[in-house]
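# Notes for the structure review
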Amino acid sequence: MIRIIPAIDLIDGKCVRLTKGNYADKKVYNENPVEVAKEFESYGIKYLHLVDLDGAKAKRIINWNILESISNETNLIIDFGGGLRSDKDLQIAFASGASKITAGSVAATNKEMVLRWLNNYSSEKIILGADTINGIVSINAWQDDTELPLIEFIYDYHSLGFKETIVTDISKDGVLSGPAFDLYELIKKEIPGIQLIASGGISNISDIEKLNEMNIDGAIIGKSIYEGNIKLKELERFLC
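So, here is what we can say about the structure in this document. (Residues numbered from 1 in each chain as written. Predicted model: local features only at pLDDT ≥ 70, side-chain atom pairs only at ≥ 80, totals over all residues. Heavy atoms only, no water.)

### Points about the packing of aromatic side chains
With the rule as written, the count across this model stands at five aromatic pairs. Centroid distance Phe40 to Tyr226: 6.4 Å. Interplanar angle 55°. Geometry classified as tilted. Of the two residues, Phe40 is situated in helix 1 (residues 33-42) and Tyr226 in helix 10 (residues 223-226); the sequence distance between them amounts to 186 residues. According to the relative accessible area criterion, Tyr226 is buried, its value standing at 18%. Of the aromatic side chains, those joined through ring pairs into one cluster are Tyr29, Phe40 and Tyr226. The side chain of Arg3 reaches across the aromatic face of Tyr47, ending 5.4 Å from its centre. (Phe/Tyr/Trp six-rings, centres within 6.5 Å; stacked < 30°, edge-to-face > 60°. Helix = DSSP H or I, 4+ residues; strand = E, 2+ residues; numbered from the N terminus. Buried < 20%, exposed > 50% of the residue type's maximum accessible area, 1.4 Å probe, protein only. Lys NZ or Arg CZ within 6 Å of the ring centre and 35° of its normal.)

Right, dumping it as structure tokens:
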């Protein structure tokens, strides 16, 4: 069964959503992310994807206090990302209650450090974040492209011990147009052992059903929940 992972994106301590990573196109959905997390938990949801967008832009952890509050006031299993660029950032994230962290931009720019994190904390604690547009890895809150082909990037880290990756097709993010099904199918074919979490574009419950049929391991759901396209009650049948 696919793992249901609602997302909370943070700017100025508030729950927001962007469209295609554009900070100028920001919509605030709730000024109290802890309340949002508690509501998720009340429906039986176990997991949370928490993204520090301020941190992603600043290239250092910023909203650790929100992470700490959600961790203290819920039992959600939190994976935290955004701005984690140093050992100190990682230590703060885990000390603040993250169960896992997502290594995204740093995985594209500082492989040596990320592999050290993997060795020190294990593949159960470190997720590979792979954001892409047109098959190329994008970094720095989606502001910069690399020359790294997505499939090769994931394959390389998987061969070095990473078990889990979150893949976001930036062109799909926040536009409710459906996930990148073809891309996820290709990744599963090329790297069959990877635990693949789909992110971006999920617009309705049918999208989740299709991802589940494709044996995708997890689905990060954001805007479709906040806009009411997916009701939390609808997700209960996917919860173990």
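### Details of helix 6 (residues 111-121)
All buried positions along helix 6 are accounted for by Met113, Val114, Trp117 and Leu118. Buried residues of helix 6, seen end-on, are gathered within an arc of 145° and therefore sit on one face of the element. For helix 6, the exposed residues set more than 90 degrees away from the buried face come down to Glu112, Asn119 and Asn120. For helix 6, the secondary structure elements touched by its buried residues are helix 4 (87-95), strand 6 (100-103), helix 5 (105-109), strand 7 (126-133) and helix 7 (150-159). Taken from the residues just after helix 6, Ser122 is the one with a positive phi, measuring 85°. (Arc of directions from axis to C-beta. Contact = heavy atoms within 4.5 Å.)

### Side note on the pairing of strand 11 (residues 195-199)
Burial analysis of strand 11 places four of its five residues in the buried class, the great majority of the element. Examined bridge by bridge, strand 10 (residues 164-169) and strand 11 share five bridges and lie parallel to one another. Within strand 11, the position partnered with Glu164 by the bridge is Gln195. In this view, the connection linking strand 10 to its parallel neighbour strand 11 by way of helix 8 (residues 181-190) has right-handed handedness. Where strand 11 meets strand 12 (residues 218-221), three bridges bridge the pair, whose relative direction is parallel. Note on strand 12: the bridge partner recorded for Ala198 is Ala219. Handedness of the crossover is the feature at issue here: the chain leaves strand 11, passes through helix 9 (residues 205-213), returns alongside strand 12, and the resulting connection is right-handed. (Pairing = 2+ DSSP bridges. Right-handed = clockwise from strand over helix to strand, strands pointing away.)

### Notes on the pairing of strand 4 (residues 47-52)
In terms of burial, strand 4 is a largely internal element, five of the six residues being buried. The sheet contact formed by strand 1 (residues 3-11) and strand 4 spans four bridges and is parallel. Among the inter-strand pairings, Leu10 is bridged to a residue of strand 4, identified as Asp52. In this sheet, strand 5 (residues 77-81) lies alongside strand 4 in parallel orientation, the contact comprising five bridges. Looking at the pairing, His49 lines up with Asp79 of strand 5.

### Topic: helix 8
Every buried residue of helix 8 is listed here: Phe181, Leu183, Tyr184, Ile187 and Lys188. Buried residues along helix 8 cover an arc of 165° about the axis, so they all sit on one side. Exposed residues pointing more than 90 degrees away from the buried face of helix 8 are listed as Asp182, Glu185 and Lys189. Looking at the buried positions of helix 8, the neighbouring elements they touch are strand 7, helix 7, strand 10, strand 11 and helix 9.

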